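Working through the structure, step by step
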Amino acid sequence: MTTIYVLWLRQLKRYVRSRARIVASLGQPLLYLFGFGFGFSKVYEKAGQGNYIQFLAPGMIAMTILFTSIFSGIELIFDRQFGFLKEVMVAPVPRLLIMIGRTIGGATVALIQGLIVAVICLLAGFRPSLSSIPAALFFMLLMAILFTALGTAIASVLSDFQGFQMVMNFLVMPIFFLSGALFPLNNVPGPMAVLAAIDPLSYGVDGLRAALIGTSHFGMSIDMVVLSTLSVIFMVIGARLFSRIQL
Amino acid sequence: MIRVENLVKTYGEIQAVRDISFHVKKGEIFAFLGPNGAGKTTTIKMLTTLLRPTSGRVFIDGLDPATHQNEVRQRFGIVFQDPSLDDELTAWENMDFHGALYSVPRRVRGERTEMLLTLFELWDRRNDQVKKFSGGMKRRLEIARGLLHTPKVIFLDEPTLGLDPQTRNQLWTQVKSLNEQEQVTVFLTTHYMEEADRVAQRIAIIDHGRIVAQGTSAELKQQTGAETLEQAFLSLTGSSIRAEGADSADAMRNMARMWRKNR
Ligand SMILES: Nc1ncnc2c1ncn2[C@@H]1O[C@H](COP(=O)(O)OP(=O)(O)OP(=O)(O)O)[C@@H](O)[C@H]1O
Ligand SMILES: [Mg+2]
């Protein structure tokens, strides 16, 4: 228990101390929100889909959580390169607990970032239904855990930063763009619908939308089942790969 | 305290450690010397549960690191050849984190942290982030941290690398005083022969993965008819420079260095 707590605390301390990172990571959702939000809203409304900011905000929250979580997981590579991982690996504690502590820490950071973006969305005119905030928080938490575990799994098999760029381009960006964060999944062409259906983030975005604005593509219970299952699976895979790390 | 029998480690084609045997007594300061690439770090990794031996046996305080990982880990402290502090945390936080992982009770943790940071002259800087420390301060902090959980053995892999003579001198004085006070066994490597000569009670010299001589400094000098330990070392290991392929650890070191510079 102490092990999980101290690793969690370390992640939070590092987060709070890296102001540059906090600001930088909020830049992207802001850009999308104002760029796309105000740029596309007319088109979107003309197409009879309703208010675009309402639609986009859950997508932006999900996006923030995706990027922050993956990055938290990938931070493992930094720990390895700067040597701190060795200190943790020779400690007399099971690696599983180390992995869990890191993941919860990273997920907490991602959740905080998601909440900050949620507040920004509110300021930009987003008006969610308040009654389902607990459900929304639950979806945010599931996404945070799922993607931090995925990041950890990936970082466990990468040994340097070169692979990191690959992961961003060929995994994280597609996860984001195919998820329906920016556009509704209702009338996308067949192949894309298939890809969207195997993209975990789709269920997060959809679940958030179901909770916050009451529209859903898959249905909230499906979203919840898929995300919970995947979180567990990714945690198990992450823990496996993490405990195999050789220094 | 440490017993090694016929230890072997091969990395694919490379035979890093070839059938070495030695033992280190409780409370002893033991120096493990050898040219670059001789196999010192590889041996330390096998003694500290980080690497599984290809063959041979190792006992730390009577326990096999391969089968009793966590018991063994609780019994040793280690200062790695490369830095292993969290730069974003303060000196105090690095100590506290370590103490928590090694289940040192909170009160003891506080007392020992104060004692060790004071001894290594870091107490005044305890609330500064480690990234603001000089190389010497970081090294001292790593040693203090390695001793926090009162280990029975401490492994020091080139702890004085890159430090000025004053700092090196002082560091060994501090390590010696702890060795006397707490009877902690010290297993060290260094490329400075005069340091080993001064602090170590017994010395083993390893070259190309084999132990070529062991004994007290006086015995080694006598054996080779040399005046100084450095001469003895050179006559035992030859004076040719070791051709070393850049291994993955070296590549990683360079990357980390470049990354730090660019920040
Ligand atoms: N992970 C690895 N994979 C392959 N070869 C390795 C690996 N680590 C070390 N080696 C090789 O094993 C040999 C011994 O290396 P080791 O790091 O133990 O030397 P050392 O005595 O600590 O040297 P130095 O004084 O330079 O630190 C070297 O030839 C090295 O290239
Ligand atoms: Mg070495």
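Above this text sits the structure in question.
Described below are features of the structure shown in this document. (Residues numbered from 1 in each chain as written. Chains lettered and ligands numbered in written order. Predicted model: local features only at pLDDT ≥ 70, side-chain atom pairs only at ≥ 80, totals over all residues. Heavy atoms only, no water.)

What follows deals with the sheet that holds strand β2 (residues 14-24) of chain B. Residues and elements named next belong to chain B. Strand order in the open sheet formed by three strands is β2-β1-β4, and the pairing between neighbours is antiparallel. Two strands close off the open sheet at either side, each with one partner strand: β2 and β4 (55-60). Looking at each pair of strands side by side, their axes are set apart by 20 degrees on average, direction ignored. As paired strands, strand β1 (residues 2-11) and β4 are joined by five bridges and run antiparallel to one another. Directly across from V4, in β4, lies its bridge partner V58. (Pairing = 2+ DSSP bridges. Helix = DSSP H or I, 4+ residues; strand = E, 2+ residues; numbered from the N terminus. Axes fitted to C-alpha atoms, helices over the stretch in contact; angles between N-to-C directions.)

The next subject is the pairing of β1(B). Note that β1(B) and β2(B) share seven bridges and pair antiparallel. Bridge pairing in β2(B) links T10(B) to Q15(B).

Here the focus is the packing of aromatic side chains. Using the criterion set out here, one finds 17 aromatic pairs over all chains in the structure. The interplanar angle of 80 degrees and the centroid separation of 5.8 Å between the aromatic rings of F76(B) and F155(B) together place this pair among those described as edge-to-face. Of this pair, F76(B) sits in strand β5 (residues 76-79) while F155(B) sits in strand β6 (residues 153-157), and the two are 79 residues apart along the sequence. Overall, F76(B) belongs to the buried group, its relative accessible area being 0%. Of the residues examined, F155(B) reaches a relative accessible area of 0% and is grouped as buried. Three or more aromatic residues link up through ring pairs in this structure, and these residues are F22(B), F30(B), F32(B), F76(B), F155(B) and F187(B). The lysine or arginine in question, R209(A), covers the ring of F55(A), its NZ or CZ lying 3.6 Å from the ring centre. In this arrangement the basic side chain of R126(B) is found over the ring face of W123(B), its NZ or CZ atom lying 3.9 Å from the centre. (Phe/Tyr/Trp six-rings, centres within 6.5 Å; stacked < 30°, edge-to-face > 60°. Buried < 20%, exposed > 50% of the residue type's maximum accessible area, 1.4 Å probe, protein only. Lys NZ or Arg CZ within 6 Å of the ring centre and 35° of its normal.)

Under the definition given, this model contains 24 salt bridges over all chains. Between D79(A) and R10(A) there is a salt bridge whose closest N-O contact spans 2.9 Å. On the criterion of sequence distance, the pair formed by D79(A) in helix α3 (residues 52-81) and R10(A) in helix α1 (residues 2-17) is long-range, its members being 69 residues apart. Neither D79(A) nor R10(A) differs from the other in exposure class; each is buried. Where D128(B) meets R125(B), a salt bridge forms, and the shortest distance between an N and an O atom there is 2.5 Å. A single salt-bridge network, built from bridges that share partners, covers R10(A), R14(A), E75(A), D79(A), R102(A) and D86(B). (Salt bridge = Lys/Arg side-chain N within 4 Å of Asp/Glu carboxyl O.)

Right, let's get into the coordination of the magnesium ion (ligand 2). Residues and elements named next belong to chain B. All of the protein donors around the magnesium ion (ligand 2) are T41 (OG1) and Q81 (OE1); their distances to the metal are 1.9 to 2.1 Å. Separated by 40 residues along the polypeptide, T41 in helix α1 (residues 40-47) and Q81 in the loop between β5 and α3 (91-101) bring together distant segments of the chain. Assessed through its relative accessible area of 18%, Q81 is described here as buried. (Donors = N, O, S within 2.8 Å, 3.2 Å for Na, K, Ca; no water.)

Distances and angles like these do not, on their own, reveal function.
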